[in-house]
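# Close look at the chain arrangement
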Amino acid sequence: LPIYKPLRICIVCMSCIMLSGLIGLCTNLINAVISPEYFINIMHWEEVENLIRSAGAQGLYQGLGQGLFFALVFSCVYIISNNAELNISAVLKWIVCMGLASIGLWVIGGIIAIALSALSPEFYKQTFIGVPDGYAAMFRYAWVGGSIWGITFGGIIVMIIGTVLFRNMSKRCKGNLK
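The sections below set out a description of the structure shown in this document. Just so it is clear, the structure is predicted and the values come from calculations on it, not from any experiment.

We now examine the packing of aromatic side chains. Within the structure shown, the criterion is met by 11 aromatic pairs. Residues Phe70 and Phe74 carry aromatic rings whose centres are separated by 5.6 Å and whose planes lie at 55° to one another, so their mutual orientation is tilted. Pair noted here: Phe70 and Phe74 are both in helix H3 (residues 51-82), with a separation of 4 residues, about one helical turn. Judged on exposure class, the residue Phe70 and its partner Phe74 are both buried. Put simply, the rings of Phe70, Phe74, Tyr78, Trp94 and Phe166 touch in pairs and so form one group of aromatic residues.

Okay, the pattern of salt bridges next. Counting across every chain of the model gives 2 salt bridges. Between Lys5 and Glu85 there is a salt bridge whose closest N-O contact spans 3.7 Å. Here the residue Lys5 occupies a position in helix H1 (residues 5-34), and Glu85 occupies one in the loop between H3 and helix H4 (88-119), the gap between them amounting to 80 residues. Lys5 gets classed as partly exposed once you look at its relative accessible area, which sits at 29%. One salt bridge in this structure joins Asp133 and Lys125, with 3.4 Å as the shortest N-O distance. Exposure remark for Asp133: the relative accessible area of 64% places this residue in the exposed category.

Okay, unusual backbone geometry next. In this structure, His44 takes a positive phi of about 60° despite not being glycine. Tracing the backbone through its elements, the reader meets His44 in the loop between helix H2 (36-43) and H3. With a phi close to 60°, Asn83 is a non-glycine residue in the positive phi region. Its place among the elements puts Asn83 in the loop between H3 and H4. By relative accessible area, which is 40% here, Asn83 ends up partly exposed.

Attention shifts here to the side chain of Ser147. Mapped onto the elements, Ser147 comes out in helix H6 (residues 135-172). Using a relative accessible area of 0% as the deciding quantity, one classes Ser147 as buried. Here Trp106 takes part through its side chain, which lies 3.2 Å from a polar atom of the side chain of Ser147.

Right, let's get into H4. Here H4 is 32 residues long and its end C-alpha atoms lie 46 Å apart, about the 46 Å a rise of 1.5 Å per residue gives. In this fold, the buried residues of H4 make contact with H1, H3, helix H5 (121-127) and H6.

Let us now look at the nonpolar core. Grouped together as the largest cluster of nonpolar side chains are 18 residues, with contacts concentrated most on Val12, Phe74, Tyr78, Val91 and Phe166. Broken down by secondary-structure element, the contributors of at least two residues to this core are H1, H3, H4 and H6. Examining the composition of this core, we find that 5 residues originate from one element, H3, more than from any other. Leave out the neighbours within four places in its chain, and Val12 touches Phe74, Ser75, Tyr78, Ile88, Val91 and Ile95. Core analysis: the next-biggest nonpolar cluster, separate from the first, contains 17 residues, Ala32, Tyr38, Ala142 and Trp143 among them.

Cut-offs used in this document
- For every chain, the first residue of the written sequence is number 1, and numbering continues from 1 along that sequence.
- For a predicted model such as this one, the threshold for reporting local features is a pLDDT of at least 70, and the threshold for listing and counting side-chain atom pairs is 80 or more; totals across whole chains, interfaces and linings nevertheless cover every residue.
- Working from all heavy atoms in the structure, the side-chain values ignore hydrogens and water.
- Pairing of aromatic rings covers Phe, Tyr and Trp, the last counted by its six-membered ring, and requires centre-to-centre distances within 6.5 Å; plane angles under 30 degrees mean stacked, over 60 mean edge-to-face, and any other angle means tilted.
- Helix and strand definitions here come from DSSP, where helices need a minimum of 4 consecutive H or I residues and strands a minimum of 2 consecutive E residues; each element is numbered from the N-terminal end.
- Relative accessible area decides the class of each residue, using a 1.4 Å probe on protein chains only: under 20% of the type maximum gives buried, over 50% gives exposed, and in between gives partly exposed.
- By salt bridge we mean one thing: a side-chain nitrogen of Lys or Arg within 4 Å of a carboxyl oxygen of Asp or Glu.
- Distance and chemistry together define a polar contact, namely a pair of N or O atoms within 3.5 Å, with one atom able to donate a hydrogen and the other to accept it when in protein, and with adjacent residues in sequence counting only for side-chain atoms on both sides.
- Multiplying one less than the number of residues by 1.5 Å gives the expected span of a helix.
- When checking whether two residues touch, look at their non-hydrogen atoms; a contact exists if any pair is within 4.5 Å.
- Residues belong to one nonpolar core when they are buried, are Ala, Val, Leu, Ile, Met, Phe, Trp, Tyr or Cys, and are joined through side-chain atoms within 4.5 Å.

This is a description of form; function is not addressed.
Here is the structure:
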């Protein structure tokens, strides 16, 4: 039974939005466990009763926001590049791969920030807001800040490059339609 074009487009849109929201939720939950100090200092959540839950909600909110934009861009490319006829499972695999690439950039951002803070703790403390004393606390704080930058800017890069590569791939895959 073929999935009709409007339904395929809706599935693609919702997948982009839901995956982005899930990634935002999960990465912020992990980050809140690693360094609650980051959220207290940067978000000014001194009075927040359940910091981990609030961080998860913040990540979900930001992920859904980026997901809406991602869904708009990716769905338009899906419609324009192959008339929304490419096999839906191939499209969903592509979206998941883009999500995994974003998670990879979340990790890379965290590692880069830890390396920067280890290379020059003085520079790191003077450059970034609210960095705690002590190497362990500073490294955790650096992980959270760097991983957030990694997934925020990395997610935009993945969206652009991944969407362009998807367009090129979908134009070559005319045999895998419907």
